[in-house]
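# Examination of the molecular architecture
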Amino acid sequence: MYVAEVKSSQVKRVTWQNDVMIVTFTNGSVYAYEDVPYSVYKELTEAESVGHYLNESVKYNYTYQRLTD
């Protein structure tokens, strides 16, 4: 399991394990993205703008579900 605390106004933490990426947002929402390769997790955690990378490269390219209400 890989866990990264990121510097972002939108995202607090990103976790990756077995091609599932869990994104914890600063507002408390938690989403699981499926079939995400490790390389995408790494690029996200190292992006200059984590929120921008998430919106452009992850959000609409991978199946996801909200884990919190």
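Before reading further, recall that the structure is shown in the block above.
Residues numbered from 1 in each chain as written. Predicted model: local features only at pLDDT ≥ 70, side-chain atom pairs only at ≥ 80, totals over all residues. Heavy atoms only, no water.

### Things to note about the sheet that holds strand 4 (residues 30-34)
To keep it simple, the criterion reads: By this definition, two strands are paired if DSSP reports at least two bridges between them. In DSSP terms, a helix is any run of H or I states spanning at least four residues, a strand is any run of E spanning at least two, and both are numbered starting from the N terminus. Orientation is described by axes fitted as lines to C-alpha atoms, over the contacting stretch for helices, and by angles from 0 to 180 degrees between their N-to-C directions. We call two residues in contact when some of their heavy atoms are within 4.5 Å.
Sheet architecture is open: 5 strands sit in the order 1-2-3-4-5, paired in antiparallel fashion. Either end of the sheet is taken by a strand with one partner, and the two such strands are strand 1 (2-5) and strand 5 (64-66). Ignoring strand direction, the axes of neighbouring strands in this sheet form an average angle of 15 degrees. Strands in contact with helix 1 (residues 38-46) are strand 1, strand 2 (11-17) and strand 3 (20-25); relative to strand 2, the strand with the most contacts, it is inclined by about 160 degrees.

### Some words on helix 1
An α-helical turn contains 3.6 residues, so any two residues separated by three or four positions project in the same direction. Note the cut-off: Only protein chains enter the accessibility calculation, which uses a 1.4 Å probe; a residue whose area is less than 20% of its type maximum is buried, one above 50% is exposed, and one in between is partly exposed. In this context, the arc is that of the directions from the helix axis out to the C-beta atoms.
Within helix 1, the full set of buried residues consists of Val40, Tyr41, Leu44 and Thr45. Considered in projection along helix 1, the buried side chains sweep an arc of 130 degrees and stay on one side of the axis. Summarising the contacts, the buried residues of helix 1 are in contact with strand 1, strand 2, strand 3 and helix 2 (50-58).

### Notes on the environment of threonine 24
Relative to the helices and strands, threonine 24 resides in strand 3. In this structure, threonine 24 is in contact with Val11, Lys12, Arg13, Ser29 and Val30, ignoring residues within four places of it in sequence.

### Focus: the packing of helix 1 against helix 2
Test applied: For classification, angles of less than 35 degrees are called roughly parallel, those exceeding 145 degrees roughly antiparallel, those between 65 and 115 degrees roughly perpendicular, and all remaining angles oblique. Gly falls in the polar group here, along with every residue not listed as nonpolar (Ala, Val, Leu, Ile, Met, Phe, Trp, Tyr, Cys, Pro) or charged (Asp, Glu, Lys, Arg).
At their nearest, the axes of helix 1 and helix 2 sit 8 Å apart, and the two run at 150 degrees to each other. By the angle between their axes, helix 1 is roughly antiparallel relative to helix 2. Note on element contacts: helix 2 touches helix 1 through Val50, Tyr53, Leu54 and Val58, opposite Val40, Glu43 and Leu44. In the contact of helix 1 with helix 2, the residues fall into 6 nonpolar, no polar and 1 charged.

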